[in-house]
Amino acid sequence: MNPYKENAKLSLDQLIEKRCGTGRYQVLALSILVFIDLNDGCELILMSFLMPILKSEWQLTSLQIQVLTRMVLGSLLTGFVADRKGRFKCIYLSCLIQFFMANSFLLCTNFYHMIFARFGYGFVYGFSIPLTTTMISEITAPDVRGRFLIVINFFVSVGKIYAFLLAFLCLENFNQGNWRFMMCLSSTTSLIVGILAWIYLMESPRYLMGNGQVIEGLNIIEEIIHKNQNNTGIISKLFKSVQPEVSSDPFKGSKYGYISVQERIAIEKWVIKVFRSQKKGTLIELFNKNNKSTTIRLWIIWFCINFMYYGQLLILPFILGSKQKTFVDYLTTVLGEIPSIILSLLIVEIPFLGRKNTMTISFFCATIMHVWSYYASWPYFFARFFMKECWAMLYPYSTEIFHTSNRTLGFGSSAAVGRIGAAISPYILIPLFEQEAHLPFLAFAISSVISTLSTFTLPYDTVGKSLDFQNSDGEVESNKEDEIKEIMMVLIEKKNQN
């Protein structure tokens, strides 16, 4: 069989699945990057605990608390930087900056100091969020991508539990405690992740290829193949392992000789077809004919789910504090998220459920639970279950639906719009709470209805589709110019063979 003909339609997803499989490198990358999302979950809970304490300790007004609770839009900047400068540098640098910003709370002695620290702290955390999902989606095979992205989202919940442990160690109750030491302790994970990322991670090969560095990208693929060889233990039992084979005709510049000339040419053709007209990190591309409908709906969904999810984290300490509840009662609501992650891992790759349908069903159920929570306290446990189910599916969907050239910007802009929903939540929820304790749950119910309709009308699901597809069938569209370039490549290769 002609090896060129065999690999003529090779895509990067197929190359990763065929040659890299899932092994040590992807698992190591996941093990490092999940702690960025753990930090994000920790930050959310620590901020919700910090607000009632500052209000009591510094005698702050409700308006001042609303200002401090605002989330800034670091995630929007991520796309403009990471889609141009790469994922790797942004990851380890943002983690190191997180470490310093978390420690800046030690210097805060009044409201104005806190504004500066809160702004920088929230900004850098927002900046780092899109990086983890983008990196993992670009180095994993399609058969495990959805589950890996759900695991990342799961660690947001783990981060919340970690925050409870810090609060238990440092705080006396919802209204007093050593909050500066608590914030200092929370910074250690950022430092560790930044160092580990710098030592062990590599740039995304998909990003490099989209940037015209095909040979560099293929060498990283070979590096992954080399690290994944001879998988043993639990990795070999859980994932599909691929034994590396040295090519008899490796491409020029190959480091290990795993990838052949024919595979290199096939990947170059794929790069030409996929990246031919994409502009890196531009909002205009998010509103072209392929993306406009999806972008608008995703922005609405991210806005609403952030308003609900973080709004509930914000308002629950006030509700529980007014009823003389403890940290254990708050922790119980967060534990409602854990079963949803397990369910998500089981159904994320099922075609008739997948990402889209699961989100639609979960938002509808969240609507019912939020209305019920207005009349009784305990259903918000189940409301968090369904909201976490939506989050778990929204992560892979928002990552996979956008093109590599704008993936970080697409995810980051959606997250940024979501942060606006989180930012305005205190201005709506605190006045509602002051009017009636459970009134905020009706606002959550309205957001759930809007999210249900937006999710239901999304164009198509991403389950089972390759990254960088450009139509509902999961295929990359072609044109005459691409076909001419492919023919020229074939002729050049035949000439070299002769």
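Everything quoted here is computed from the prediction, not taken from an experiment.

### Some details on the packing of helix α19 (residues 356-375) against helix α22 (residues 440-456)
Where α19 contacts α22, the axes come no closer than 8 Å and their chain directions differ by 165°. Considered as vectors, α19 and α22 are oriented roughly antiparallel to each other. As α19 packs across α22, the resulting crossing turns out to be left-handed. Across the interface between the two elements, Lys356, Met359, Thr360, Phe363, Phe364, Ala366, Thr367, His370, Val371, Ser373 and Tyr374 of α19 pack against Phe441, Leu442, Phe444, Ala445, Ser448, Val449, Ser451, Thr452, Thr455 and Phe456 of α22.

### Examining the pattern of salt bridges
For the structure shown, the criterion picks out 12 salt bridges. Put simply, Asp13, Arg145 and Arg206 are held in one network by salt bridges that share partners.

### Some thoughts on helix α18 (residues 338-347)
What sets the pattern is the α-helix's 3.6 residues per turn: residues three or four places apart point alike. Within the sequence span of α18, burial applies to Ser340, Ile341, Ser344 and Ile347. Projected down its long axis, α18 carries its buried residues within an arc of 140°, all on one side. Those residues of α18 that are exposed and aimed more than 90 degrees away from the buried face are Ile342 and Leu346.

### A few points about the UniProt feature "transmembrane region" (unreviewed entry) in the chain
When the UniProt feature table is mapped onto this chain numbering, "transmembrane region" (unreviewed entry) sits at residues 91-113, 119-136, 148-168, 180-201, 298-321, 327-348 and 360-378. Helix makes up 70% of residues 91-113 and strand 0%, whereas the separation of the span's terminal C-alpha atoms amounts to 27 Å.

### A closer look at the state of the cysteines
Covalent bonding between the sulfur atoms of two cysteines defines a disulfide. In the structure shown here, the tally under the stated rule is 0 disulfides. Free cysteine: cysteine 170, not disulfide-bonded; nearest cysteine sulfur from cysteine 184 at 9.3 Å.

### A look at the nonpolar core
Counting residues in hydrophobic clusters, the biggest one holds 145 residues, and the most contacted among them are Leu54, Phe105, Ile136, Trp179, Met182 and Ile221. Looking at this core, the element that brings in the most residues is helix α3 (residues 24-57), giving 18 residues. The contact partners of tryptophan 179, leaving out residues within four places of it in the chain, are Leu50, Ile53, Leu54, Glu57, Trp58, Phe105, Cys108, Met114 and Leu171.

### Describing the packing of aromatic side chains
In this structure the tally under the stated criterion is 23 aromatic pairs. Note on tyrosine 309 and tryptophan 391: the rings are 5.6 Å apart at their centroids and 75° apart in plane angle, and the pair reads as edge-to-face. With a gap of 82 residues between them, tyrosine 309 in helix α16 (residues 292-322) and tryptophan 391 in helix α20 (residues 380-400) connect regions that are remote in the sequence. Among the residues examined, tyrosine 309 registers a relative accessible area of 1% and is labelled buried. With 5.6 Å between their ring centres and 85° between their planes, tyrosine 395 and phenylalanine 411 make a pair best called edge-to-face. Residue tyrosine 395 is located in helix α20, and its partner phenylalanine 411 is located in helix α21 (residues 407-435); the two are separated by 16 residues in the primary sequence.

### Section: the confidence of the model for the chain
The share of residues in the chain with pLDDT of 70 or more is 84%, and the mean pLDDT across the chain is 81. The least confident element of the chain, judged by mean pLDDT, is helix α1 (residues 3-6) at 40; the most confident is α22 at 94. Note on residues 1-8: pLDDT under 50 across the span, and 11 contacts to partners over four residues away in sequence or across chains. Here residues 470-480 is a poorly scored stretch, pLDDT under 50, and it has 26 contacts once near neighbours within four places are set aside; other chains count.

### Description of the packing of α3 against helix α8 (residues 142-170)
One can describe the packing of α3 onto α8 by two numbers: an axis separation of 6 Å at closest approach and a directional angle of 45°. One way to sum up the angle between α3 and α8 is to call them oblique. Here α3 and α8 pass one another in a crossing that is right-handed.

### A short note on a nonpolar patch on the surface
A grouping of Leu28, Ile192, Ile195, Leu196, Trp198, Ile199 and Tyr200 is seen on the molecular surface, where their side chains present a nonpolar patch of about 670 Å² in accessible area. Take the nonpolar patch: its biggest share by element is 6 residues, from helix α10 (residues 188-200). Inspection of the secondary structure assignment puts leucine 28 in helix α3. Overall, the relative accessible area of 33% leaves leucine 28 in the partly exposed class.

About the criteria used
Residues numbered from 1 in each chain as written. Predicted model: local features only at pLDDT ≥ 70, side-chain atom pairs only at ≥ 80, totals over all residues. Heavy atoms only, no water. Axes fitted to C-alpha atoms, helices over the stretch in contact; angles between N-to-C directions. Helix = DSSP H or I, 4+ residues; strand = E, 2+ residues; numbered from the N terminus. Parallel < 35°, antiparallel > 145°, perpendicular 65-115°, else oblique. Left-handed = near helix turned anticlockwise from the far one by under 90°. Contact = heavy atoms within 4.5 Å. Salt bridge = Lys/Arg side-chain N within 4 Å of Asp/Glu carboxyl O. Buried < 20%, exposed > 50% of the residue type's maximum accessible area, 1.4 Å probe, protein only. Arc of directions from axis to C-beta. UniProt positions renumbered as here; feature names shortened; annotations may be inferred. Disulfide = S-S within 2.5 Å. Core = buried A, V, L, I, M, F, W, Y, C linked by side-chain atoms within 4.5 Å. Phe/Tyr/Trp six-rings, centres within 6.5 Å; stacked < 30°, edge-to-face > 60°. pLDDT = per-residue confidence, 0-100. Patch = residues over 30% accessible without salt bridge, like charges linked within 9 Å, V, L, I, M, F, W, Y side chains within 5 Å. Areas by Shrake-Rupley, 256 points an atom, 1.4 Å probe, with all protein chains shown as cover.

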